Each structure stands twice: as structure tokens, then as C-alpha cells.
Amino acid sequence: MEPVSVFDAHCDTVSRCWREYEGLDSNSGMISLNRTAGFGGYCQFFALWTADGYTGYPSGGDSVERAYRALLRCFKDQMARNGDRIVQCRTADEAELANAQGRAAAFLSVEGGELLGCDPARLPQAAADGVTAINLTWNHANALSGAHADQPERGLSAIGRLFVEKMEELHILVDVSHLSEAGFWDVAEMARRPFIASHSNAKSVWNHTRNLTDGQINAIIKNQGVIGLNFYTEFVGGGRDLDMVRAHLDCILELGGAGNVALGGDWDGCDTIADLPAIDSLSRLYEHLLRHGYKETVVQDLFYNNLMRVVR
């Protein structure tokens, strides 16, 4: 089998490297450049994320700005240290060029609008920093919206709507993973560009607040967005194995989402299923799907092409 090309929509590797003082080239986590060296091409969204008790910064006040800057410096430093193997990219053209040159393509995202102070005025600088996607919330409600597990009945606030409008103006992808369902439908109603759920599964397969209803999946498909399959055991559910991942994939495919499903492993942010302990194990999923009769073009779209489309 030819080397598998991978484009994954979510990892917390930057926070982990910063917290553990490890490098991106080789580390004890789920993603490293040594682990991904065997891929045919590799693109990855690296999230900047912090929360109380995780990276040493409280979630409010001036410390949020310091946290964002510290995490951004960590990311930029790893790009500089490993420039022969990985480069920050903002578009599909840049990513495809990097992969053609034998380098990985690193896209930058922010997980939780509070890391930017929930302030639309901060978005131009974030865009200048190369941020290409933003989760409006993490697990906690913020000034933009309720979250899936905190004030789930609350949708986008007035400032949240301005935030989304400014993101679209700057061509920053709106990411609805972690968002309240009310906030999701507000985004779906006002979106003029494709939006994504970078690391969420199908709620009809496993009933978790972080997963998407069939209606939400249909809305993302209609919007020409993308849903990244999440490998966290709690969101996969059931047998917590490749067959269960396949059930989530089948749900999205049956709703017409062959062009709208991608990988969103949640690497270095959770305990993934035993069959996928780290990113270099993704070949197991690729081979598993082929053995179960999926067309290789569908699997290649899942692994690489669909996410590439939304950053084009």
C-alpha cells in the first residue's frame, strides 16, 4: 500500500509540548514529526488552548493574553526549530506545496474564544499570526455563546455574532465543536462561508453532548463544511474500537456527507481509543475501511482531501 496522506483537524500538541517542555520532532505524546514521517503527505491543525489547571494560566484577565502569546511563541519556535520538516501554512496551495517538498503543513487554530478575550478587535492580529480556525467556546460558556456543557440553551450573544462576522471577513474558519446547540444554529443561520466541527462525532450513534445531531450534520453538509471524526473514547462510545468509529463515519456518509467528513483525532487532548493510540496508527483505520469495502477515493477524501477543500 502507498503511504497514507493525512490532514487532521485537531490536536492539543502545542499545549502539551509547552507544558511538558518537549519538542515537536520527538516527544512522548501522540504527535511528533518522527511519528508522521511515514505519511505520504501530512497536514495538521494545531490548537492553541489553555484552561484553569492545565497550562498554568487562569482563564480571565491579562493572563489570557500572556497565555495566548506563550502558546503562540511555542508554536512558532517549533516551526523554526524544525523548518526542514514542517512549515506554517494558511491555505491549501501552501499546504500542497509543503507536502510536495516533503514537509508537513501546520495550520494554527484557537480553541476557545476567551483566549482572544472574546474580542472581535483581536481577530485581525490573530489572522496576522496565521490563525485559520477558531472554536468559539471550549467546555465553558463565554461572552460569545453557551457551550455544549455549560449554558447549552444560550446561543450567540451580540458580541458573538460580531465575532463570527469578523472571522468570516478575515477568512478564519468558524469551528462549532464544543459550542452549544443553540449557538450552532445561530452560526448555521448566519454563516456565509463553510464552517467546521473540527472534532465531533454523530450523536445518533453515541449520545454525548459533544456529538452532533443528524440535523446539525445535515446543516454542515448543506453549508459545504467539514466534520472531523474524534477518537476520544468518551465521544466514540460503544465498543470504543475501529468498528465504532466506522459507525460514526457511516452515519455521516448515509446523510450524504462523503465530501464533508475528515479526521479530527483530538490527539494529545484526550485518551483515544486503544486501536488508535497515536497518529502513526491511522494506517490501521485506513486499512480497516478498505477491508470493509469502502471505496479508496472515499477513504482518501476522509483522510486528506475534504479538509483541504475548506482551506482552499
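The following refers to the structure shown. Computed from a predicted model, the values in this text were never measured in an experiment.

Looking at the packing of aromatic side chains
Moving on, step 1. Inspection of every chain in the model, using the stated rule, returns eleven aromatic pairs.
Moving on, step 2. Taken together through their ring pairs, the aromatic side chains of Phe7, Phe45 and Phe107 make up a single cluster.

Some details on helix 8 (residues 214-222)
Moving on, step 1. Turning to helix 8, its buried residues number three or more, namely Gln216, Ile217, Ala219, Ile220 and Ile221.
Moving on, step 2. Along its buried surface, helix 8 packs onto helix 7 (181-190), strand 7 (196-197), strand 8 (226-229) and helix 10 (242-254).

Some details on the packing of helix 7 against helix 8
Moving on, step 1. Between helix 7 and helix 8, whose axes approach to 11 Å, the crossing angle comes to 25°. Put simply, helix 7 runs roughly parallel to helix 8. In this structure, the crossing between helix 7 and helix 8 has a hand that is left-handed. Residues Glu181, Phe184, Trp185 and Ala188 of helix 7 form the contact with helix 8, whose participating residues are Gly215, Gln216, Ala219 and Ile220.
Moving on, step 2. Among the residues making up the contact of helix 7 with helix 8, the classes are represented as five nonpolar, two polar and one charged.

Section: the packing of helix 11 (residues 282-291) against helix 12 (residues 296-310)
Moving on, step 1. Here helix 11 crosses helix 12 at 155°, and the two axes come no closer than 9 Å. Regarding the angle of helix 11 to helix 12, the classification is roughly antiparallel. Classified by chirality, the crossing of helix 12 by helix 11 is right-handed. Within the contact between the two elements, helix 11 uses Leu282, Leu285, Tyr286, Leu289 and Leu290 and helix 12 uses Glu296, Val299, Gln300, Leu302 and Phe303.

Here we look at the pattern of salt bridges
Moving on, step 1. The full count for this structure, using the stated rule, is twelve salt bridges.
Moving on, step 2. With its nearest N and O atoms 3.5 Å apart, the salt bridge here joins Asp93 to Arg312. Taken as a pair, Asp93 in helix 4 (residues 92-100) and Arg312 in the segment after helix 12 lie far apart in primary sequence, 219 residues in all.
Moving on, step 3. The exposure class assigned to Asp93 is exposed, which follows from its relative accessible area of 55%.
Moving on, step 4. Given a relative accessible area of 56%, Arg312 falls into the exposed group.
Moving on, step 5. One salt bridge in this structure joins Lys166 and Glu169, with 3.1 Å as the shortest N-O distance.

Re the environment of Gly155
Moving on, step 1. You can see Gly155 is positioned in the loop between strand 5 (131-135) and helix 6 (158-169).
Moving on, step 2. Among the residues examined, Gly155 registers a relative accessible area of 16% and is labelled buried.
Moving on, step 3. Along the chain, Gly155 and Ser145 lie ten residues apart, while their C-alpha atoms are 5.2 Å from each other.
Moving on, step 4. For Gly155, the residues in contact, after removing those within four places along its chain, are Leu144, Ser145, Gly146, Ser180, Ala182, Gly183 and Asp186.

Some remarks on the pairing of strand 8
Each regular strand displays side chains that alternate between the two surfaces of the sheet.
Moving on, step 1. Here strand 8 shows no split at all, with Val226 and Gly228 on one side and Ile227 and Leu229 on the other all buried.
Moving on, step 2. When strand 7 meets strand 8, the two strands line up parallel, connected through two bridges. When the bridges of strand 8 are listed, Ala197 appears paired with Ile227.
Moving on, step 3. For the crossover from strand 7 across helix 8 to strand 8, the handedness is right-handed.
Moving on, step 4. As defined by bridge partners, strand 8 adjoins strand 9 (residues 261-263) across three bridges and the pair is classed as parallel.

Observations concerning unusual backbone geometry
What is expected of a backbone is that most residues other than glycine have negative phi and most peptide bonds are trans.
Moving on, step 1. Even without being glycine, Cys118 reaches a positive phi, approximately 50°.
Moving on, step 2. Mapped onto the elements of the fold, Cys118 is located in the loop between strand 4 (104-111) and helix 5 (123-128).
Moving on, step 3. On the basis of relative accessibility, which here comes to 8%, the residue Cys118 falls in the buried class.
Moving on, step 4. Look at Asp268: it is not a glycine, yet its phi comes out positive at around 65°.
Moving on, step 5. Tracing the chain through its elements places Asp268 in the loop between strand 9 and helix 11.

Considerations on the side chain of Thr233
Moving on, step 1. Its place among the elements puts Thr233 in helix 9 (residues 233-236).
Moving on, step 2. Thr233 gets classed as buried once you look at its relative accessible area, which sits at 15%.
Moving on, step 3. If sequence neighbours within four positions are ignored, Thr233 has contacts with Arg240, Asp271, Thr272 and Ile273.

Details of helix 10
Moving on, step 1. Relative to the 18 Å expected for 13 residues at 1.5 Å per residue, helix 10 spans 18 Å between its end C-alpha atoms, a close match to the ideal helical length.
Moving on, step 2. Buried residues of helix 10: Leu242, Met244, Val245, Arg246, His248, Leu249, Cys251 and Ile252, and no others.
Moving on, step 3. Buried positions along helix 10 lie against helix 8, strand 8, helix 9, strand 9, helix 11 and helix 12.
Moving on, step 4. A side-chain oxygen of the first residue of helix 10 lies 3.2 Å from the backbone nitrogen of Asp243; this N-cap is Asp241.
Moving on, step 5. Phi turns positive one or two residues past the end of helix 10, at Gly256, with a value near 95°.

The rules behind the values
Residues numbered from 1 in each chain as written. Predicted model: local features only at pLDDT ≥ 70, side-chain atom pairs only at ≥ 80, totals over all residues. Heavy atoms only, no water. Phe/Tyr/Trp six-rings, centres within 6.5 Å; stacked < 30°, edge-to-face > 60°. Buried < 20%, exposed > 50% of the residue type's maximum accessible area, 1.4 Å probe, protein only. Helix = DSSP H or I, 4+ residues; strand = E, 2+ residues; numbered from the N terminus. Contact = heavy atoms within 4.5 Å. Axes fitted to C-alpha atoms, helices over the stretch in contact; angles between N-to-C directions. Parallel < 35°, antiparallel > 145°, perpendicular 65-115°, else oblique. Left-handed = near helix turned anticlockwise from the far one by under 90°. Nonpolar A, V, L, I, M, F, W, Y, C, P; charged D, E, K, R; others polar. Salt bridge = Lys/Arg side-chain N within 4 Å of Asp/Glu carboxyl O. Pairing = 2+ DSSP bridges. Right-handed = clockwise from strand over helix to strand, strands pointing away. Expected span 1.5 Å × (residues − 1). Polar contact = N/O pair within 3.5 Å; in protein donor to acceptor, adjacent residues only side chain to side chain.

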